[in-house]
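# Structural description and commentary
What follows is each chain in one-letter form.
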Amino acid sequence: MWKDTSGRALTDYPRPSVAVDVAVLTFRAGRLAVVVVRSEDGRFALPGTFLHVGERLADAAARALREKAGLPVVDFRQLAVFDDPDRDERGWVLSVGHVAAVPADRLSPNALLIDLPGTEITAPLRFDHSTIVARAVAELRRQYGGEVDPNGLCGNEFTVLELRRLYEAVFGHRLPKDSFRRHVINDLVDTGHSSMDAVGRPAALFTRVPSAALSPAVRTFLESAGRQ
């Protein structure tokens, strides 16, 4: 049996329980939203579960999404470890947070969603899940500042207005329409199709250039526009 220099074995050290929690973000009705489930006490929480013996973190996260949120196939990634010793009233539990961004039409019709107006949670979540959501939104901003809608939240085809509404939801403030168009238009492809806008006028439909990196100037614009 392995022992450290003080003669103590691994089993001599107290160990926390390990959980996984997944913040699944989506975009609907002009707002970001996050998928939640009802916990045993009736409060809302992120889909999560405890790690089983011999199980990988990614497998536990996929199991939580499949069994608790009805999401069998989700492209998620690890976000951060949340290790405040007092984060869970049941005991010493550290959570490995994960994040995903999924188009609304790929969610289960029975999925529970909480809107994030201004990227702030509108209902208290159990444990420190509101903190996990805030970190997930920050990660989404990092992504969307570097590439046009990398998660396809606007669908395959969209108008510039629809894309701007998505970016306003992600970054939490209004974006000047002419400036926004100028910053992103070179990373869009005109499909040759059109859609009627809110006042019944035809509006061009675009698709994004796959994996095209936005310039640092675009990120600066997206982050600073709300402070002008």
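Please read all numbers here as calculations on a predicted model, not as lab measurements.

## Some details on the overall build of the protein chain
- Within the protein chain, the regular secondary structure consists of 5 helices and 9 strands.
- Start at the N end of the protein chain and walk to the C end: the helices and strands fall as β-β-β-β-α-β-β-β-α-α-α-β-β-α.
- Looking at the protein chain residue by residue over its 228 residues, the buried ones come to 44%.
- Relative to all contacts within the protein chain whose residues are 6 or more apart in sequence, the contacts with residues 24 or more apart total 62%.
- Accessible surface, the protein chain as shown: approximately 12400 Å² in total, 51% of it carbon and sulfur.

## Concerning the packing of helix H3 (residues 160-171) against helix H4 (residues 177-184)
- Close contact between H3 and H4 brings their axes to 10 Å; oriented N to C, the two are set at 100°. Here H3 lies roughly perpendicular to H4, going by the angle between them. Contacts between H3 and H4 involve Val160, Leu163, Arg164 and Tyr167 on the former and, on the latter, Lys177, Phe180, Arg181 and Val184.

## Things to note about the environment of valine 73
- Secondary-structure assignment places valine 73 in the loop between helix H1 (57-69) and strand E5 (77-82).
- It is 9.5 Å that separates the C-alpha atoms of valine 73 and arginine 106, two residues lying 33 residues apart in sequence.

## Describing the side chain of serine 95
- Looking at where serine 95 falls in the secondary structure, it is placed in strand E6 (residues 93-101).
- Overall, the relative accessible area of 0% leaves serine 95 in the buried class.
- Within the structure, serine 95 has its side chain in polar contact with the side chain of aspartate 21 (distance 2.5 Å).

## Describing unusual backbone geometry
- A positive phi angle, near 55°, is found at phenylalanine 127, a position not held by glycine.
- Residue placement: phenylalanine 127 occurs in the loop between strand E7 (112-115) and helix H2 (129-144).

## Quick look at the pattern of salt bridges
- Taken as a whole and assessed by the stated rule, the structure comprises 17 salt bridges.
- Here aspartate 41 makes a salt bridge to arginine 43, at a shortest N to O gap of 2.6 Å.
- For arginine 43, a relative accessible area of 38% gives the class partly exposed.
- In this structure, the salt-bridge partner of arginine 165 is glutamate 168, at a minimum N-O distance of 3.2 Å.

## Let's talk about the nonpolar core
- Ranked by size, the top nonpolar core spans 42 residues in total, and within it Val34, Leu163, Tyr167 and Phe180 carry the most contacts.
- Listing elements by their share of this core, those giving two or more residues are strand E1 (17-28), strand E2 (31-38), E5, E6, H2, H3, H4 and helix H5 (216-224).
- It is H3 that contributes the most residues to this core, 7 residues altogether.
- Not counting residues up to four positions away in its chain, the partners in contact with tyrosine 167 are Tyr144, Glu147, Val148, Asp149, Leu175, Phe180, Leu214 and Leu222.
- Counting 15 residues, the second largest nonpolar core, distinct from the first, contains Ala61, Ala69, Leu71 and Phe76.

Calculation criteria
Within each chain, residues carry numbers counting from 1 in the order of the written sequence. Selection of residues for local features in this predicted model requires a pLDDT of at least 70, selection of side-chain atom pairs for listing and counting requires 80 or more, and totals for whole chains, interfaces and linings are taken over all residues. Note that water and hydrogens are dropped before the side-chain values are worked out from all heavy atoms of the structure. Working definition: helices are DSSP H or I runs of at least four residues, strands are E runs of at least two. Numbering for both runs from the N terminus. Note on exposure labels: buried denotes an accessible area under 20% of the residue type's maximum, exposed denotes more than 50%, and partly exposed covers the range between, all computed with a 1.4 Å probe on protein chains only. Contacts between residues were defined by any pair of non-hydrogen atoms, one from each residue, lying within 4.5 Å. Accessible surface area values rest on a Shrake-Rupley calculation with a 1.4 Å probe, where residue burial reflects the displayed protein chains alone. Here, axes are lines fitted to C-alpha atoms. For helices the fit covers the stretch in contact, and angles between N-to-C directions go from 0 to 180 degrees. Oblique is the label for any angle not covered by the other classes, which are roughly parallel (under 35 degrees), roughly antiparallel (over 145) and roughly perpendicular (65 to 115). Throughout this description, a polar contact denotes any pair of N or O atoms lying within 3.5 Å of each other; where both atoms belong to protein, one of them has to be capable of donating a hydrogen while the other can accept it, and for residues adjacent in sequence the pair is counted only when both atoms sit in side chains. When a carboxyl oxygen of Asp or Glu is within 4 Å of a side-chain nitrogen of Lys or Arg, the pair counts as a salt bridge. Residues belong to a common nonpolar core when they are buried Ala, Val, Leu, Ile, Met, Phe, Trp, Tyr or Cys residues joined through side-chain atoms within 4.5 Å.

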